[in-house]
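# Close look at the chain arrangement
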Amino acid sequence: TAPIRLRDYRRPDWSVEAIELEIDLGIDSTEVTSRITLHGDPAKAEPLRLDGEELELLTISLDGRALNAEDYRYEKGVLEVSDAHGGSVLETRVRVQPAANTTLEGLYLSGSREHGFLLTQCEAEGFRHITFFPDRPDVLARFTVTLRADRERFPVLLAGGNPAGSGTLADGRHWAKFVDPHPKPCYLFALVAGRLENIQRDYLTADGREVKLVIWSEANVIDRCHYALDALERCMRWDEHKYGRNYDLDVFHVVATHDFNMGAMENKGLNIFNAKYLLADPDSSTDEEYRAVEAVVAHEYFHNWTGNRVTCRDWFQLSLKEGLTVFREQQFSADMNSLPLKRIEDVALLRRTQFPEDAGPLAHPVRPAEYREINNFYTATVYEKGSELVRMIAGRLGQEGFRRGMDLYFERHDGQAATIEHFLSALGDANRIDLTPYLAWYAQAGTPRLHAKGEYDSARREYTLTLSQQTRPTPGQPEKTPLPIPVKLSLFDRSGTMLPLHLQGDAQVDGTERVIVLDKPSQRFVFKHVSAPPVPSLLRGFSAPVVLECDYSPEELALLLTHDADGFNRWEAGQQLAMLAFDTSHDGNDSAACKAWCDALAALFTLQTIDDALLADLLTPPGEIEFADRQSEVDPAKIHAQRQSLQHRLAERIGVSDLLARYRLLSTDSHAQLEAASQAKRRLKRRVLELLVLLDADQAHELAAKQYDSASGMTDRLAALSVLVRTNATQASAALAHFRERYADNPLALDKWFTVQAQVPGDAALAIVQRLENDPAFTLKNPNRARSLFGAFASTNPSGFHRTDGAGYALIAERLAQLDALNPQIAARLATAFNGWQRLEPVRRSAARLALEGLAQREGLSPNLSEIVSNVLQ
Ligand code: DPP
Ligand code: ZN
């Protein structure tokens with residue numbers, strides 16, 4: 001199929017003023033009657049064309065007249081109708097088959113035929129699997145929805161919008177009607193029907209609207225929804241306070257399902273969540289998962305303004321809502337928890353997922369120029385890098401300026417389908433700043449490399465910082481232009497004190513931290529009145545999504561690691577130092593960098609003045625994927641071994657007795673409370689245990705086994721299990737058996753049981769994965785389960801997946817083909833694990849190529865999977 005291009009965008013010939021849906025729900029067969037009131041200019045309009053995939057058309061009429069075969073044509077996903085005009089009403093009745101739908105797109109069944117419930121997923125192009133419609137985000141219509149179903153089987157009927165009546169039908173079935181006063185694109189349509197329980201709360205918005213907040217789930221997990229309800233209330237208050245945004249319907253429904261392709265979906269008034277991001281309780285959720293629930297609840301809620309009230313003109317603009325909403329969620333989570341820890345977590349995620357994407361064959365701009373399958377563009381680049389771009393611009397405008405800009409954005413575009421240009425214009429106009437230079441960030445793929453070089457002139461007492469930028473070619477973009485890169489910086493003297501900054505050209509000193517903007521290939525910045533050679537702390541808070549290259553000495557990095565007041569940059573200095581240590585330590589010979597890294601961390605460890613959670617992060621070197629990202633010929637087994645030996649050095653430097661003592665100290669707080677201090681202790685305790693096992697495996701295994709047995713919550717239990725399993729402890733099998741049994745009826749907990757085993761490093765992993773896929777609890781049909789085993793293995797376990805014999809590749813390629821027949825979206829996502837294969841060392845590289853080429857040649861691959869496989873192969 002030909003790609004769809006941004007530059008070919010045309011406004012729709014036809015739009016829809018209103019749609020009335022009447023849906024007769026059944027598990028095997030659901031009938032959808034749709035009446036759409038058209039809007040179009042008959043003079044210049046093309047014939048009416050509507051999207052519709054695999055719909056069994058039962059009846060069709062235009063303005064009350066049943067259409068004959070010559071009046072319309074339905075083929076290849078398009079319904080074409082002649083003689084429609086502005087104001088015409090087209091009525092169609094179609095049949096769809098929810099239970100047979102394994103793609104989890106459109107209308108489908110979650111759970112069993114006997115007990116499951118029906119639900120929809122329409123973003124990006126699922127609505128065309130439900131009825132005929134112009135399935136594009138710039139067609140906004142008023143939705144009126146009536147659901148009809150058997151009352152016993154489907155006691156709960158929900159759709160987006162406000163409730164507008166319900167009752168019993170003559171045949172004994174019941175009905176419920178919903179009217180959404182806000183015109184919306186069809187990707188925001190949703191319905192849910194089945195046996196569900198709820199918890200609810202009244203909420204009064206800042207502008208005085210009484211709202212019912214209702215969370216729905218199957219009965220057995222409804223008591224695990226309370227945390228999400230609290231989080232929902234918190235994020236609603238926060239959005240009122242921070243952005244002046246109020247909720248705009250009388251009800252806000254949130255529904256949990258175990259069968260979902262994405263994390264969650266922001267359908268207007270009826271959010272639908274992957275249970276993984278809604279359910280939380282101490283016995284089955286880790287601290288990280290609690291934070292993820294809070295973050296995703298907020299993300300979907302925030303979409304109500306950034307996504308729903310102002311939506312996207314076309315799918316190329318996806319980051320307009322996703323990047324912006326990720327950014328808003330990151331701000332919220334930082335406010336609720338800790339700014340530096342959140343920043344560290346987000347930057348680590350960016351480096352683990354987005355940087356490799358941007359450096360390989362799948363690289364694409366935050367606003368892609370073309371795509372074949374839009375579902376393949378819900379990527380780390382659109383989401384995470386997109387958020388970094390908003391952050392850069394927000395930093396440029398300052399807190400108040402950004403709020404002014406957002407206010408203007410909402411004022412101008414409420415009720416509209418907007419573009420990235422609209423967004424930048426509103427932010428810029430409100431601040432009388434031209435932000436168009438930032439558009440280049442949206443159009444250009446690849447991670448810029450920022451090179452920094454400092455020179456000190458003792459005679460003139462000047463420090464000159466030369467910054468230069470370079471972005472490597474990416475597919476389809478051989479030439480790169482320079483981007484505006486805001487660099488937040490401070491200068492430290494050698495005792496670790498920040499120096500006043502007097503930039504040449506400025507009238508006077510401007511504090512001890514400031515932003516300079518590099519917007520040319522190379523630029524010099526001169527700082528005056530600097531009394532001794534300083535150590536620059538660059539890119540503070542990660543002020544731009546770039547790779548910083550600066551020739552720091554180990555001592556300079558150690559100084560920043562010890563003294564930098566910016567929590568993020570402190571961590572960053574440690575990461576850079578660990579990178580240096582990794583590059584320079586060979587065959588047991590410790591380099592100066594390795595020594596400096598170990599010494600600095602050991603000192604911080606002993607000092608006990610640093611927050612426990614931050615310390616845990618400082619004690620963690622970059623991941624294997626980040627190390628691999630910097631190498632031209634990747635040997636994942638070697639990287640794993642080298643990273644292990646680096647950690648071993650660190651553990652040795654701290655020493656068994658200090659590690660043990662700290663472990664014991666941290667173990668005194670054994671209650672699964674959610675307070676930050678308790679969470680921090682658990683995080684550090686896990687890290688200490690992981691270091692201890694490198695020095696004294698027997699002792700650490702005993703402690704881990706005890707921790708597993710006595711854990712009062714999932715965080716401690718899973719940490720212990722993971723240490724036992726990954727380091728092949730004799731106690732591992734008993735703990736695994738216990739976990740399997742204890743959580744047999746808890747799919748989210750059981751997913752962790754699969755994952756922890758799929759992440760066993762090295763060649764042992766494959767046999768484990770092969771054994772686990774024969775576990776009766778394993779199924780490819782459930783996305784969470786498929787990801788928990790194959791996703792964990794292929795995407796998060798480099799030394800396990802990348803075997804020299806290629807058996808890891810062969811297994812995943814085979815499963816991809818099977819998965820593709822069931823659920824193309826999930827198959828395509830999993831296939832991205834092959835990204836980066838071109839940079840593997842030759843033996844693995846040819847094995848990976850073989851597996852990929854074999855997969856590419858299979859008959860009947862979905863457009864989703866073929867796009868990823870052919871892009872990865874190129
Ligand atoms: N549900 C996905 C998200 O919220 C797509 N909109 O990011
Ligand atoms: Zn989103």
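Residues numbered from 1 in each chain as written. Chains lettered and ligands numbered in written order. Predicted model: local features only at pLDDT ≥ 70, side-chain atom pairs only at ≥ 80, totals over all residues.

### Digging into the overall build of the chain
In terms of regular secondary structure, the chain is built from 26 helices and 31 strands. For a compact globule of 874 residues, the expected C-alpha radius of gyration is about 29 Å, and the chain comes in at 28 Å, within 12% of that figure. Viewed in the frame of its principal axes, the chain has a C-alpha envelope of about 90 × 70 × 55 Å. In the chain, buried positions account for 51% of the 874 residues. Relative to all contacts within the chain whose residues are 6 or more apart in sequence, the contacts with residues 24 or more apart total 69%. (Helix = DSSP H or I, 4+ residues; strand = E, 2+ residues; numbered from the N terminus. Rg over C-alpha atoms; globule rule 2.2 N^0.38 Å. Buried ≥ 20, exposed ≤ 12 C-beta atoms within 10 Å, placed from the backbone. Contact = placed C-beta atoms within 7 Å.)

### A closer look at the site of ligand 1
Taken together, Glu123, Met262, Ala264, Met265, Glu266, His299, Glu300, His303 and Glu322 are the residues near ligand 1. Counting only elements with at least two residues in the shell around ligand 1, the list comes to β20 (264-265) and α2 (287-302). (Near = placed C-beta within 6 Å.)

### Details of the packing of α2 against helix α3 (residues 318-336)
Helices that pack against each other are described as a pair by the angle of their axes relative to one another and the distance between those axes. Close contact between α2 and α3 brings their axes to 9 Å; oriented N to C, the two are set at 135 degrees. The angle between the axes of α2 and α3 places the two elements in the oblique class. The way α2 lies across α3 gives a crossing that is right-handed. For the pair α2 and α3, contact is made by Arg291, Glu294, Ala295, Ala298, His299 and Phe302 and by Thr325, Val326, Arg328, Glu329, Phe332, Ser333 and Met336, respectively. The residue makeup of the contact of α2 with α3, split by class, is 6 nonpolar, 3 polar and 4 charged. (Axes fitted to C-alpha atoms, helices over the stretch in contact; angles between N-to-C directions. Parallel < 35°, antiparallel > 145°, perpendicular 65-115°, else oblique. Left-handed = near helix turned anticlockwise from the far one by under 90°. Nonpolar A, V, L, I, M, F, W, Y, C, P; charged D, E, K, R; others polar.)

### Topic: the sheet that holds strand β8 (residues 78-81)
The strand order across the open sheet built from 3 strands is β4-β8-β7, with neighbouring strands paired in antiparallel fashion. Each edge of the open sheet is held by one strand with a lone partner, namely β4 (48-51) and β7 (72-75). Put simply, the sheet's adjacent strands are angled 15 degrees from each other on average, direction ignored. Relative to β8, β7 is paired through 4 bridges, and the arrangement is antiparallel. (Pairing = 2+ DSSP bridges.)

### What to know about the nonpolar core
Proteins that are soluble and globular tend to have nonpolar side chains buried together. Ranked by size, the top nonpolar core spans 261 residues in total, and within it Ala228, Leu577, Leu724 and Ala831 carry the most contacts. Tallying contributions element by element places helix α5 (residues 380-413) first for this core, with 9 residues. If we ignore the near neighbours within four places in the chain, the residues touching Leu724 are His701, Ala704, Ala705, Tyr708, Ala729, Gln731, Ala732 and Ala735. (Core = buried A, V, L, I, M, F, W, Y, C linked by C-beta atoms within 7 Å.)

### Here we look at the environment of Leu213
Within the secondary structure, Leu213 sits in strand β18 (residues 210-217). Assessed through the 19 C-beta atoms surrounding it within 10 Å, Leu213 is described here as partly exposed. With 11 residues separating them in the primary sequence, Leu213 and Asp202 have C-alpha atoms 6.2 Å apart. Apart from the residues within four sequence positions on either side, Leu213 is in contact with Gln200, Arg201, Tyr203, Leu229, Leu232, Glu233 and Phe252.

### Points about the domain arrangement of the chain
Here the domain parsing of the chain yields domain 1 (4-195), domain 2 (311-443), domain 3 (451-539), domain 4 (553-654), domain 5 (656-742) and domain 6 (747-874). Distance between the C-alpha centres of domain 2 and domain 5: 38 Å. (Domains from an automatic or database assignment.)

### Overview of helix α19 (residues 747-758)
Under the 1.5 Å per step criterion, the end-to-end length of α19 is 16 Å for 12 residues, consistent within 8% with the ideal 16 Å. For α19, a buried count of 12 out of 12 residues is recorded, marking the element as mostly surrounded by other parts of the structure. For α19, the complete set of buried residues consists of Pro747, Leu748, Ala749, Leu750, Asp751, Lys752, Trp753, Phe754, Thr755, Val756, Gln757 and Ala758. (Expected span 1.5 Å × (residues − 1).)

### Describing the pairing of strand β19 (residues 251-257)
Buried residues dominate β19, accounting for 6 of its 7 residues. As paired elements, β18 and β19 share 5 bridges and run parallel to each other. Bridge pairing in β19 links Leu213 to Phe252. For the handedness criterion, the β-α-β arrangement of β18, helix α1 (residues 226-243) and β19 is classed as left-handed. (Right-handed = clockwise from strand over helix to strand, strands pointing away.)

### Concerning the sheet that holds strand β27 (residues 485-492)
Each strand in a sheet pairs with another by means of backbone hydrogen bonds, the pair being arranged parallel or else antiparallel. The 3 strands are arranged β28-β27-β30 in an open sheet whose pairing can be described as antiparallel. Both edges of this open sheet fall to β28 (514-518) and β30 (535-537), since each of them pairs with a single strand only. Neighbour-to-neighbour, the strand axes of the sheet open up by a mean angle of 45 degrees, direction not taken into account. One ladder, built from 5 bridges, connects β27 with β28; its direction is antiparallel. Paired with Leu489 across the bridge in β28 is Arg514.

### Concerning the packing of helix α16 (residues 697-710) against helix α17 (residues 714-726)
Packing of α16 against α17 brings their axes to within 8 Å, and their N-to-C directions diverge by 145 degrees. In this structure, the crossing between α16 and α17 has a hand that is left-handed. Contacts from Ala700, His701, Ala704, Ala705, Gln707 and Tyr708 of α16 reach α17 at Asp716, Arg717, Ala720, Leu721, Val723 and Leu724. Of the residues belonging to the contact of α16 with α17, the class tally is 8 nonpolar, 2 polar and 2 charged.

### Overview of the UniProt feature "domain: Peptidase M1 membrane alanine aminopeptidase" (unreviewed entry) in the chain
Taking the numbering used here, the UniProt-annotated feature "domain: Peptidase M1 membrane alanine aminopeptidase" (unreviewed entry) corresponds to residues 227-434. Between the end C-alpha atoms of residues 227-434 there is a gap of 43 Å, over a span that is 56% helix and 10% strand. (UniProt positions renumbered as here; feature names shortened; annotations may be inferred.)

### Some details on the environment of Asp751
By secondary structure assignment, the location of Asp751 is in helix α19. The exposure class of Asp751 is buried, given the 22 C-beta atoms found within 10 Å. Those residues in contact with Asp751, other than ones at most four positions away along the chain, are Asn784, Arg785 and Ser788.

### A few points about the pairing of strand β16 (residues 191-194)
Judged by which residues are buried, β16 turns out to be covered on both faces: Leu191 and Ala193 on one side and Val192 and Gly194 on the other are all buried. Inspection of the sheet shows strand β11 (residues 117-121) paired to β16 by 2 bridges, in the antiparallel sense. Bridged to Leu118 within β16 is Ala193.

### Focus on unusual backbone geometry
Across the junction of Glu123 and Ala124, the peptide omega takes the value 0 degrees, indicating a cis bond. When you line up the elements, Ala124 lands in the loop between β11 and β12 (141-149). Positive phi values are uncommon outside glycine, yet Glu54 reaches one of about 50 degrees. Along the chain, the position of Glu54 falls in the loop between β4 and β5 (56-62). Located in the positive-phi region is Asn728, a residue other than glycine, with phi close to 55 degrees. Examined against the element boundaries, Asn728 turns out to sit in the loop between α17 and α18 (732-742). On the neighbour-count criterion, Asn728 (13 C-beta atoms within 10 Å) is partly exposed.

### Section: the environment of Gly126
Locating Gly126 in the fold gives a position in the loop between β11 and β12. Take Gly126: there are 25 C-beta atoms within 10 Å of it, and that puts it in the buried class. Along the primary structure Gly126 and Tyr187 are separated by 61 residues, whereas in three dimensions their C-alpha atoms are 7.0 Å apart. Leave out the neighbours within four places in its chain, and Gly126 touches Glu105, Gly106, Thr120 and Gln121.

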